[in-house]
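This is what each chain is made of:
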Amino acid sequence: MLARPPAAVRHHYPFTAVVGLDTLKLALVLNAISPRTGGVLIRGEKGTAKSTIVRALAALLPPVGVVAGCRFSCDPAAPDPACPDGPHDDGAPASVRPARLAELPVGASEDRLVGSLDLERALTEGVKAFEPGLLAAAHRGVLYVDEVNLLHDHLVDLLLDAAALGTCYVERDAVSVRHAARFMLVGTMNPEEGELRPQLLDRFGLTVEVTASRDPEERAEVVRRRLAFEDDAEAFAARWADAEDDLAASIAAARERLREVTLSDAALTRISTICAAFDVDGMRADLITAHAAVAHAAWRGGTRVTAEDIRQAARLALPHRRRRDPFDAPGLDESELDALLDDADLDDTEGESGPEGAGVDGPASEDGPGTDTGPASEREDPGPGPDEDPGPPPGPGPDEDPDPGPPPGPGGNGGAPEPPPANGQGVQTHDAPAGETAGTRTRPAAQPGGTYRVRALTVPGLGTGAPGRRSRARTSYGRVSGSRVPEGRLLSPHLTATLRAAAPYQRERGRTGPGLVVRRGDLREAVREGREGNLVLFVVDASGSMAARRRMGAVKGAVLSLLLDAYQRRDKVGLVTFRGSGAELVLPPTSSVEAGAARLRELPTGGRTPLAAGLRRAAEVVRVERLRDPARRPLLVVVTDGRATSGTDADVRRAASLLRDVAAVVVDCESGPVRLGLATGLAVLLGGEAVRLERLAAGGLRDLVREHRKAA
């Protein structure tokens, strides 16, 4: 076994010194034992040691032997035959180095991740020069992505493809390079800042929800250890050196035992039964659960998979695969899991909860290592299960409003009637807007209607914002729409345009053979057109006029549908509401549409309609966001019936003039046989378009087009 570096040179916070987080420690250890487990996604709030514990993990991994001078860390015993630095001879000199932790920053480019080809040299000199990226650096180590939910989707796709295939492919037109890229993938994210797409979420093998402890003694111990580390990192690491060495030895031993563990047909059938019972999509859940169960059996020193191994594996592999809606939180009903395992015909008598002396938790004080708790112990809150969500607040009862029901929604039935509140009182979850009087009636939060697919709302023109799926933009991906002279390094050559630029000068350049003589000035890069994500700012009328006819349920269903559309199109979203005599920024612009959905469900209604105040607040939000992210174009979505019962018409016109340069859509919520057309007038003031609520659905728009064609 290769030796690990001495404690004196370790300056990271020790893995075993992290207080609690036993489920997370177990997930990381299982991946260290068996990379086939598929990596770990760590979800949790800020300041919960997510990054600290991941960075500490690399020091526990066994050192690796590499071919000396190979930039791609080829194993001397089995070098990669396609290595760009190869081929390597059987007797090539070898060296030993620690396992690496490569960190991928949120703002990294594709070239930084997969490596870069010098296309300029390839075209002008015929040299295939390749510079390795982070995937090469992470080979046979750990690749850590902090805030993976903020990483551009195309980078996440590349990352997960490499993790699944164990190979990195770099393609630049006619030039191609590949190299081995087998690593342990760990990502962290704060769900408040936005979710991963379900397709990407499924590619992570295990997921752990992390929350800060609410136990004062445990919180004090966290601070005590951290202060000791900051005071003298070397001495602190030395005190935990024995615990670190023991855990590293246990991981190495479990790796050796892995091939001896038996997964019986009964255990495999039980895994498939559990996955089917929890209604997960595809077969990846079954495969990952099987790998994790085998790794857990090796970790506890067993030779066959038991029901407890399956239980621990399912708790880590299934919660994030049960989401059926982007607004759903991951969760697993552990009582249902226990019921599915109670009748398992598996032998649970062998082995312990972990190797003796190889627990993943440390002492209760910073004086030094003490009694270990084992990898499977539980201290953290595993997060709410799928049945624990209290849901949205109850809406008004059928007897609270004599008005008729809501107008027909896009689905034909509008919002459903809400049951009366449990306590018989209105529930207000946000402070009333400034200026609202004590006599203003606040209605309970209405339950939203069902969601549906909405028509495409886009920003006119051609933008240059972050990649997304809404409006047209110049991007690094998409169809080629032209060519230009490169301003810096050539990244995406336009070969046809380059050849056209070089062709007229071949005779004076002395061309004699079949090849074309190309100079730097001939190079042209491709101009591509794709789609960008926008800032979709919702301005929602929450006044009494919106609730008078009990329309708020249908309105909330429409806005939830637009939020779901924004999630799918990779937009940032913000939410401004207005009622009483003022407006409130309920949700500052964020990538977390889940937060927007939660705020919308809790939104109370009542009071007058300060339309001008809502528009002024929206204009201020847009102004600030343009300073923060000038390339992201805004799309204003105003949801109102157009009635302004607070302020004057002149106030509305002045407020609307502040938003004339912003693409706007007014969703007209007016109902009844007599329509005043006030929302349409507001759309004219904003220079945008008006869409009636019942025409917001994609199907409704198609029906409208058909009607116009028949009339023509």
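Residues numbered from 1 in each chain as written. Predicted model: local features only at pLDDT ≥ 70, side-chain atom pairs only at ≥ 80, totals over all residues. Heavy atoms only, no water.

Engineer: Mind showing me how you'd approach the overall build of the protein chain here?
Structural biologist: A count of helices and strands for the protein chain gives 22 helices and 20 strands. Every one of the 712 residues in the protein chain was classed for burial, and the buried ones make up 51%. For the protein chain, the proportion of contacts with a sequence separation of at least 24, taken over those separated by at least 6, is 80%. Counting every atom, the protein chain has about 31600 Å² of accessible surface; 50% of that belongs to carbon and sulfur. (Helix = DSSP H or I, 4+ residues; strand = E, 2+ residues; numbered from the N terminus. Buried < 20%, exposed > 50% of the residue type's maximum accessible area, 1.4 Å probe, protein only. Contact = heavy atoms within 4.5 Å. Areas by Shrake-Rupley, 256 points an atom, 1.4 Å probe, with all protein chains shown as cover.)

Engineer: Help me out: how do you make sense of unusual backbone geometry in this one?
Structural biologist: Most peptide bonds take the trans configuration, and most residues that are not glycine carry a negative phi. Here the phi dihedral of Glu-147 falls at roughly 55 degrees; this positive angle occurs in a residue that is not glycine. With respect to the element layout, Glu-147 can be found in the loop between strand E7 (142-145) and helix H6 (153-165).

Engineer: Mind showing me how you'd approach helix H14 (residues 334-342) here?
Structural biologist: Taken together, the buried positions of H14 are occupied by Leu-337, Leu-340 and Leu-341. Buried residues of H14, seen end-on, are gathered within an arc of 95 degrees and therefore sit on one face of the element. H14 presents Ser-335 and Asp-342 as exposed residues on the side facing more than 90 degrees away from its buried surface. Summarising the contacts, the buried residues of H14 are in contact with helix H11 (265-277) and helix H13 (307-317). (Arc of directions from axis to C-beta.)

Engineer: Help me understand the sheet that holds strand E13 (residues 479-484) in this model?
Structural biologist: Read across the open sheet, the 3 strands follow the order E12-E14-E13; overall the sheet is antiparallel. In the strand order of this sheet, the two ends are held by strand E12 (467-475) and E13, each with one partner. The average undirected angle you get between the axes of adjacent strands in this sheet is 30 degrees. Relative to strand E14 (residues 525-532), E13 is paired through 5 bridges, and the arrangement is antiparallel. Residue pairing in the sheet places Arg-479 in a bridge with Glu-529 of E14. (Pairing = 2+ DSSP bridges. Axes fitted to C-alpha atoms, helices over the stretch in contact; angles between N-to-C directions.)

Engineer: I would appreciate a short explanation of the packing of helix H1 (residues 22-33) against H13 in the present structure.
Structural biologist: A pair of packed helices can be characterised by two numbers: the angle between their axes and the separation between those axes. Relative orientation of the contacting elements H1 and H13 amounts to 100 degrees, with a least axis distance of 11 Å. Considering their axes alone, H1 and H13 lie roughly perpendicular with respect to each other. Here H1 contributes Thr-23, Leu-26, Ala-27 and Leu-30 to the contact with H13, which in turn contributes Gln-312, Arg-315 and Leu-316. Of the residues belonging to the contact of H1 with H13, the class tally is 4 nonpolar, 2 polar and 1 charged. (Parallel < 35°, antiparallel > 145°, perpendicular 65-115°, else oblique. Nonpolar A, V, L, I, M, F, W, Y, C, P; charged D, E, K, R; others polar.)

Engineer: Whenever I open this one, the side chain of Arg-633 confuses me. Can you help?
Structural biologist: Checked against the element boundaries, Arg-633 lands in the loop between helix H19 (611-628) and strand E18 (634-640). In terms of polar contacts, Arg-633 uses its side chain to reach the backbone carbonyl oxygen of Pro-460, at 2.6 Å. Beyond its immediate stretch of four places on either side in the chain, Arg-633 contacts Val-459, Pro-460, Gly-461, Leu-462, Gly-463, Ser-471, Arg-472, Glu-532, Asn-534 and Leu-535. (Polar contact = N/O pair within 3.5 Å; in protein donor to acceptor, adjacent residues only side chain to side chain.)

Engineer: Hey, could you run me through the nonpolar core in this one?
Structural biologist: When a protein is soluble and globular, its nonpolar side chains tend to lie buried together. If you look at the biggest cluster of nonpolar residues, it comprises 67 residues, and the most contacted ones within it are Phe-15, Leu-24, Leu-28, Ile-274, Trp-299 and Leu-318. When residues of this core are assigned to their parent elements, the largest contribution, 10 residues, is made by helix H12 (residues 284-299). The next biggest cluster of nonpolar side chains, apart from the first, holds 39 residues, and it includes Val-454, Leu-560, Val-573 and Leu-635. (Core = buried A, V, L, I, M, F, W, Y, C linked by side-chain atoms within 4.5 Å.)

Engineer: Teacher, can you tell me more about the sheet that holds E18 here?
Structural biologist: Whether parallel or antiparallel, the strands of a sheet pair through hydrogen bonds between backbone atoms. Ordered in space as E17-E16-E15-E18-E19-E20, the 6 strands form an open sheet in which the pairing is mixed. In this open sheet, the two edge strands, each paired with only one partner strand, are strand E17 (582-590) and strand E20 (689-692). Sheet twist, expressed as the average angle between the axes of neighbouring strands with direction ignored, equals 20 degrees. Of the pairings in the sheet, the one linking E18 to strand E19 (residues 663-668) comprises 6 bridges and is parallel in character. For Thr-640, the partnering residue across the bridge sits in E19 and is Asp-668. The strands touched by helix H21 (residues 678-686) are E18, E19 and E20; relative to E19, the strand with the most contacts, the crossing angle is about 175 degrees.

Engineer: Just to check I follow, could you spell out the pairing of strand E16 (residues 572-579) for this structure?
Structural biologist: Walk down a regular strand and you will see the side chains alternate between the two sheet faces. Buried residues dominate E16, accounting for 8 of its 8 residues. Residues Lys-572, Gly-574, Val-576 and Phe-578 line one face of E16 and the alternating positions Val-573, Leu-575, Thr-577 and Arg-579 line the opposite face, and both faces are buried. Pairing between strand E15 (residues 535-541) and E16: 7 bridges, direction parallel. When the bridges of E16 are listed, Val-539 appears paired with Val-576. The pairing of E16 with E17 spans 6 bridges and is classified as antiparallel. Its bridge partner being in E17, Phe-578 is matched across the sheet by Ala-583. Once E16 ends, the chain turns through 2 residues before running back antiparallel as E17, passing Gly-580 with a positive phi of about 70 degrees.

Engineer: Explain the environment of Ala-49 to me, please; I cannot follow it from the model alone.
Structural biologist: Assignment of secondary structure puts Ala-49 in the loop between strand E1 (40-44) and helix H2 (50-57). A C-alpha to C-alpha distance of 9.1 Å links Ala-49 and Val-210, two positions 161 residues apart in sequence.

Engineer: Help me understand helix H18 (residues 593-601) in this model?
Structural biologist: Listed in full, the buried residues belonging to H18 are Val-593, Glu-594, Gly-596, Ala-597 and Leu-600. End-on, the buried residues of H18 take up no more than an arc of 160 degrees, which puts them together on one face. Among the structural elements, helix H17 (552-568), E16 and E17 are those in contact with the buried residues of H18.

Engineer: Can you help me understand the confidence of the model for the protein chain in this one?
Structural biologist: Residues shown with low pLDDT carry predicted positions that ought not to be read at fine detail. Per-residue pLDDT for the protein chain averages 77, and the proportion of residues at 70 or more is 78%. In this model residues 5-9 is a low-confidence stretch, pLDDT under 50, and it forms 5 contacts with partners more than four residues away in sequence or in other chains. Scored below 50 in pLDDT, residues 361-440 makes 176 contacts in the model with residues more than four places away or belonging to other chains. (pLDDT = per-residue confidence, 0-100.)

Engineer: Explain the pattern of salt bridges here, please?
Structural biologist: Where charged atoms from two side chains of opposite charge approach closely, those side chains can pair. Here the structure, examined in full by the defined rule, presents 28 salt bridges. Across the pair Asp-80 and Arg-178 runs a salt bridge whose closest N-O atoms are separated by 4.0 Å. Here Arg-178 lies in strand E9 (residues 175-180) and Asp-80 lies in the loop between strand E2 (64-67) and strand E3 (94-97), a separation of 98 residues in the sequence. For Arg-633, the salt bridge goes to Glu-532, with nearest N and O atoms at 2.6 Å. In this pair, Arg-633 sits in the loop between H19 and E18 while Glu-532 sits in strand E14, placing the two residues 101 residues apart along the sequence. Taken as a pair, Arg-633 and Glu-532 share a single burial class, namely buried. Each of Arg-470, Asp-565, Arg-569 and Asp-571 takes part in salt bridges that share partners, so that together they form one network. (Salt bridge = Lys/Arg side-chain N within 4 Å of Asp/Glu carboxyl O.)

Engineer: What should I look at first to understand the packing of H1 against H12 in this one?
Structural biologist: Put simply, H1 and H12 touch, their axes get as near as 9 Å, and they point 95 degrees apart. Viewed along their axes, H1 and H12 adopt a mutual orientation that is roughly perpendicular. For the pair H1 and H12, the contacting residues are Leu-26, Val-29, Leu-30 and Ile-33 in the first and Ala-292, Ala-295, His-296 and Trp-299 in the second. Within the contact of H1 with H12, the residues separate by chemical class into 7 nonpolar, 1 polar and no charged.

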